[in-house]
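If you want the building blocks of each chain, they are given just below.
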Amino acid sequence: MDEVEEDYFFLRWLRARHLNIEKAKSMLWKYLEYRRTNTYIEDISVASYYPLKIITDQASFGMSGTDFEGRPVFIGSVGQVNFKELFEKGYKDDCYRFAHYLADWVMYVSEVERRKSGSTQVNAILDFDGFSFGNALHVQTIQAAIYGARMFEAFYPETLHRSIMVNANWVFSSLYNMTKPFLSTETTDKIQVYGHDTEKWKAVLKQYIPNESIPIEYGGTAPSLYSGQLTPKYPYRDQA
């Protein structure tokens with residue numbers, strides 16, 4: 001990994017452990033072991049991985065410019081994803097691989113931007129419109145949410161600058177409350193959750209992000225998240 005050779009990579013781990021060298025070293029070794037042994041990681045590559053169309057038909061995502069200080073803006077619409085159905089149809093491993101791919105892809109884009117502007121963190125706008133009661137009560141979906149929280153906290157430290165979650169109904173809020181214990185206070189302090197008051201959260205977005213980096217459906221002038229212009233291009237793998 002090229003990034004391991006660079007000081008900023010090590011600085012992430014030091015910051016995550018409040019400059020405690022021994023704790024940072026332990027955290028880094030766990031990360032390297034995770035990269036070496038995790039079977040989902042073995043199956044993905046930012047350059048060559050392509051997910052199932054059944055997943056990408058439901059989960060829209062992309063990168064849309066930068067905030068006012070040069071940090072990349074990741075946008076994901078995940079409320080329409082029927083995790084319960086996907087898991088029950090046998091696509092659990094594919095969903096987990098996709099989650100790992102997204103995390104690595106965000107890191108890749110962040111590294112590209114870092115080389116241009118010096119920014120080392122990203123913003124995330126996550127749209128949970130339509131998140132269903134069935135997802136919130138589904139055991140495997142709950143387990144996946146906890147897995148994602150643990151993965152992010154342990155292996156992508158100091159990556160997130162700010163996450164703004166919009167269109168969050170009480171169903172999603174219940175699931176989020178289940179995952180919060182697996183996130184540090186430093187991480188949860190970076191997360192803002194808003195309901196369906198669009199004027200409120202659109203105003204919040206514009207405090208941090210210029211119009212040209214906000215997709216049109218979120219109150220800006222950037223291409224729509226659903227236009228395909230913000231999404232990485234890859235062929236789709238046939239469904240198993």
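It should be emphasised that the depicted structure is a prediction, and the values quoted were computed from it without experimental measurement.

Peer 1: Looking at this model, I keep getting lost on the nonpolar core. Mind explaining?
Peer 2: Soluble globular proteins tend to pack their nonpolar side chains together in the buried interior. Among the nonpolar cores identified, the biggest contains 40 residues, and Phe-74, Phe-98 and Trp-105 are the most heavily contacted of them. Among residues more than four places away in sequence, those in contact with Phe-98 are Tyr-49, Pro-51, Ile-55, Thr-56, Ala-59 and Phe-61.

Peer 1: Just to check I follow, could you spell out the packing of helix H1 (residues 7-16) against helix H2 (residues 21-37) for this structure?
Peer 2: Helix-helix packing: each pair is described by the crossing angle between the helix axes and the interaxial distance. Where H1 meets H2, the closest approach of the two axes is 8 Å, and the angle between their N-to-C directions is 120 degrees. Relative to H2, the element H1 lies oblique. Where H1 crosses over H2, the two elements pack in a sense that is right-handed. Side by side, H1 and H2 meet where Phe-9, Phe-10, Trp-13, Leu-14 and Ala-16 of the first sit next to Ile-21, Ala-24, Met-27, Leu-28 and Tyr-31 of the second. Across the contact of H1 with H2, the residue classes break down as 10 nonpolar, no polar and no charged.

Peer 1: For this particular structure, what's the right way to read the pattern of salt bridges?
Peer 2: Between side chains of opposite charge, pairing is possible as soon as their charged atoms come close. On inspection of all chains with the given rule, the structure shows 9 salt bridges. Among the salt bridges present, the one from Glu-22 reaches Lys-25, with a minimum N-O distance of 3.7 Å. Residue Glu-22 and its partner Lys-25 are both found in helix H2; the two are separated by 3 residues, about one turn of the helix. Glu-22 gets classed as exposed once you look at its relative accessible area, which sits at 54%. The partly exposed category is assigned to Lys-25, whose relative accessible area is 40%. We note a salt bridge from Arg-71 to Asp-67, for which the minimum N-O separation is 3.1 Å. For the pair formed by Arg-71 and Asp-67, the shared burial category is buried. Because the salt bridges share partners, they merge into one network encompassing Asp-67, Glu-69 and Arg-71.

Peer 1: What is the right way to read the packing of helix H8 (residues 139-155) against helix H9 (residues 170-179) from this model?
Peer 2: Contact geometry for H8 and H9: axes closest at 9 Å, N-to-C directions at 50 degrees. Relative to H9, the element H8 lies oblique. In this structure, the crossing between H8 and H9 has a hand that is right-handed. Of H9, the residues touching H8 (which contributes Ile-142, Ala-145, Ile-146 and Ala-149) are Leu-175, Met-178 and Thr-179. For the contact of H8 with H9, the per-class residue count stands at 6 nonpolar, 1 polar and no charged.

Peer 1: Teacher, can you tell me more about the pairing of strand E1 (residues 60-66) here?
Peer 2: The side chains of a regular strand alternate between the sheet's two faces. E1 sits mainly inside the fold: 5 of its 7 residues count as buried. As consecutive antiparallel partners, E1 and strand E2 (residues 72-77) are separated by 5 residues, and within that stretch Gly-70 has a phi angle of approximately 90 degrees, a positive value.

Peer 1: Honestly, unusual backbone geometry in this entry has me stumped. Any pointers?
Peer 2: Peptide bonds are mostly trans, and most non-glycine residues show a negative phi. The phi dihedral of His-18 is positive, around 55 degrees, even though this residue is not glycine. One can find His-18 in the loop between H1 and H2. A relative accessible area of 57% means that His-18 is categorised as exposed. The residue Asn-167 is not glycine, and still its phi comes out positive at about 55 degrees. In this fold, Asn-167 is placed in the loop between strand E4 (160-166) and H9.

Peer 1: Before we go on, may I ask you to explain H9 in this structure?
Peer 2: Every α-helical turn comprises 3.6 residues, leaving residues that sit three or four positions apart pointing alike. Along H9, the residues that are buried comprise Val-171, Phe-172, Leu-175, Tyr-176 and Thr-179. Viewed end-on, H9 has its buried residues packed into an arc of 135 degrees, placing them on one side of the element. Considering only its buried residues, H9 is in contact with helix H7 (133-137), H8, E4, helix H10 (185-188) and strand E5 (191-193).

Peer 1: Please explain a nonpolar patch on the surface as it appears in this structure.
Peer 2: Taken together, the side chains of Phe-133, Leu-137 and Trp-170 define a hydrophobic patch exposed on the protein surface, amounting to about 390 Å² of accessible area. The exposure class assigned to Leu-137 is exposed, which follows from its relative accessible area of 57%.

Peer 1: Please clarify how the packing of aromatic side chains should be interpreted in this entry.
Peer 2: Centre distance and the angle of the planes are the two values used to describe a pair of aromatic rings. For the structure on display, the rule yields 17 aromatic pairs. Note on Phe-128 and Phe-131: the rings are 6.4 Å apart at their centroids and 75 degrees apart in plane angle, and the pair reads as edge-to-face. Both residues of the pair, Phe-128 and Phe-131, count as buried. Ring geometry for Phe-131 versus Phe-172: centroids 5.8 Å apart, planes at 80 degrees, classification edge-to-face. Of this pair, Phe-131 sits in the loop between strand E3 (122-127) and H7 while Phe-172 sits in helix H9, and the two are 41 residues apart along the sequence. The residue whose ring lies beneath Arg-162 is Tyr-208, and the NZ or CZ to ring-centre distance is 3.4 Å.

Reading guide: rules and limits
- Residues numbered from 1 in each chain as written.
- Predicted model: local features only at pLDDT ≥ 70, side-chain atom pairs only at ≥ 80, totals over all residues.
- Heavy atoms only, no water.
- Core = buried A, V, L, I, M, F, W, Y, C linked by side-chain atoms within 4.5 Å.
- Buried < 20%, exposed > 50% of the residue type's maximum accessible area, 1.4 Å probe, protein only.
- Contact = heavy atoms within 4.5 Å.
- Axes fitted to C-alpha atoms, helices over the stretch in contact; angles between N-to-C directions.
- Helix = DSSP H or I, 4+ residues; strand = E, 2+ residues; numbered from the N terminus.
- Parallel < 35°, antiparallel > 145°, perpendicular 65-115°, else oblique.
- Left-handed = near helix turned anticlockwise from the far one by under 90°.
- Nonpolar A, V, L, I, M, F, W, Y, C, P; charged D, E, K, R; others polar.
- Salt bridge = Lys/Arg side-chain N within 4 Å of Asp/Glu carboxyl O.
- Pairing = 2+ DSSP bridges.
- Arc of directions from axis to C-beta.
- Patch = residues over 30% accessible without salt bridge, like charges linked within 9 Å, V, L, I, M, F, W, Y side chains within 5 Å.
- Areas by Shrake-Rupley, 256 points an atom, 1.4 Å probe, with all protein chains shown as cover.
- Phe/Tyr/Trp six-rings, centres within 6.5 Å; stacked < 30°, edge-to-face > 60°.
- Lys NZ or Arg CZ within 6 Å of the ring centre and 35° of its normal.

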